[in-house]
Amino acid sequence: MTFPVAVRWSEDGAAVDLLDQTRLPEAEVRLRIETADAMAEAIRTLRVRGAPAIGIAAAMGVAVESARHVALPDAEFRARVRSAIERLAATRPTAVNLAWALERMRRRMDRAVGQTPQEVSWALFDEANAILVEDRGMCRRIGEWGLQVLPDGDVSVLTHCNAGALATGGIGTALAPVYLAHALGRRVRVYVGETRPLLQGSRITAWELGRAGIPVTVVADVVAATLMKQRRVDLVITGADRIAANGDVANKIGTYGLAVLARHHGIPFYVAAPVSTIDPDTETGDRIPIEERDGDEVRRGFGRLTAPENVPVYAPAFDVTPADLIDGIVTDQGGLSPPYGAAIRKALGLVPAPARAGGRSAT
Ligand code: MRU
């Protein structure tokens, strides 16, 4: 199987090499990103997107920015790096992985007491690289745990948006079990909603699954209810941008509707995400900041006017699925089952875990 790479170091190691996801599926264009501001633009405009991928890309952006200032006196060097971190953190508010990765970079610099700017910059490259490499491993483990929620035999999965390789540093979150099942020779088919208004489902998920040779069918988002009524899907798996301490999940707009439909039709609804997507400081979903996008993404998304020119548009990028509609959360550390508050505290080590005889159950 071949996986497209959303974010990696450039060949000379001095820049970040991004796949411009706004150009998919028409063109495969790679960008060389050399500054934090260029990275901030790429994140804001969704050239790189998906919660884990934007955390990784932002961390790498901090590293390459730091290399530009190593000739400055120490205090000025650190001020420049801190300001880059702040500008990157302000690009997208909902995905907690962005703040999480940038906080790791800030702490890495603060730990490097008494080191020269050059040494600190090298340490920042190491930290960003660790975030990238760790994400690859987390995706793989999500896939392994996620295999347990796939029913035996031929399986048909409905997903939303893109929570695949292109949203991460590895094989994805929601799509990781699909990739592993396919590699094991299981017959797995994916339905994906096009994911209005920016079409991450039809442009990105369908493209990457097609490249991997996995059967994929695109449906307009409004077809989901019919698919479920016709029993064409066995389960729904989506990713997450932020999971609150009580298990409420913010994910791409439209996810909540799918969860309501799935419950109505008695179809299991799962969320797959690394533990770094859980934000224990956000108590419930209604505390999660929801990004609002420019109305023109709806009025004239891909060029043509599709609504009256000045009509008001409400364009939240994410919605919140209440924990009680979620049958299981598959993380890199195992599956979490309701009640999620307790399961999340245990997964994050916030209360002493009881002695375990075996692994955690994935459902
Ligand atoms: O606006 P995006 O494309 O960055 O949103 C990404 C999502 O919401 C994905 O569906 C996802 O589940 C989180 S990334 C694995």
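Please read all numbers here as calculations on a predicted model, not as lab measurements. (Residues numbered from 1 in each chain as written. Predicted model: local features only at pLDDT ≥ 70, side-chain atom pairs only at ≥ 80, totals over all residues. Heavy atoms only, no water.)

Undergrad: Please clarify how the packing of helix α1 (residues 36-44) against helix α2 (residues 51-67) should be interpreted in this entry.
TA: A pair of packed helices is characterised by two quantities: the angle between their axes and the separation of those axes. The N-to-C vectors of α1 and α2 enclose an angle of 165°; their axes lie 8 Å apart at closest approach. Taken together, the axes of α1 and α2 are roughly antiparallel relative to one another. Regarding α1 and α2, the two cross each other, and that crossing is right-handed. Between α1, through Ala36, Met39 and Ile43, and α2, the contact on the second element is made entirely by Ile54, Ala57, Ala58, Gly61 and Glu65. Per-class residue counts for the contact of α1 with α2 are six nonpolar, one polar and one charged. (Axes fitted to C-alpha atoms, helices over the stretch in contact; angles between N-to-C directions. Helix = DSSP H or I, 4+ residues; strand = E, 2+ residues; numbered from the N terminus. Parallel < 35°, antiparallel > 145°, perpendicular 65-115°, else oblique. Left-handed = near helix turned anticlockwise from the far one by under 90°. Contact = heavy atoms within 4.5 Å. Nonpolar A, V, L, I, M, F, W, Y, C, P; charged D, E, K, R; others polar.)

Undergrad: Looking at this structure, how should I read the site of the ligand?
TA: Of all residues adjacent to the ligand, which total 17 residues, the nearest are Arg49, Arg92, Asp241, Asn251 and Lys252. Between the ligand and the protein, one listed contact pairs an oxygen atom with a backbone N or O atom of Ala240 at 3.3 Å. Within the contact set of the ligand, an oxygen atom lies 2.6 Å away from a side-chain nitrogen or oxygen of Asn251. In isolation the ligand has 410 Å² of accessible area, and contact with the protein removes 100% of it. Mapped onto the shell around the ligand, the elements with two or more residues apiece are α2 and β9 (249-252). Partitioning the shell around the ligand into residue classes produces seven nonpolar, six polar and four charged. (Near = heavy atom within 4 Å. Polar contact = N/O pair within 3.5 Å; in protein donor to acceptor, adjacent residues only side chain to side chain. Areas by Shrake-Rupley, 256 points an atom, 1.4 Å probe, with all protein chains shown as cover.)

Undergrad: Is there a simple way to think about the nonpolar core in this case?
TA: Proteins that are soluble and globular tend to have nonpolar side chains buried together. By size, the foremost hydrophobic cluster in this structure holds 45 residues, and its most contacted members are Leu18, Leu88 and Met105. Put simply, the parts of the chain that give this core at least two residues each are β2 (16-19), α1, α2, α3 (74-89), α4 (96-111), α5 (117-146) and α7 (200-211). A total of eleven residues in this core trace back to one element, the largest contributor, which is α2. Ignoring any residue separated from it by four or fewer positions in sequence, one finds Leu88 in contact with Ala36, Met39, Ala40, Ile43, Ala58, Val62, Leu98 and Leu102. Among the nonpolar cores identified, the runner-up in size contains 28 residues, and Val233, Ile267, Ala343 and Ile344 belong to it. (Core = buried A, V, L, I, M, F, W, Y, C linked by side-chain atoms within 4.5 Å. Buried < 20%, exposed > 50% of the residue type's maximum accessible area, 1.4 Å probe, protein only.)

Remember that the coordinates give geometry; whether it matters functionally is a separate question.
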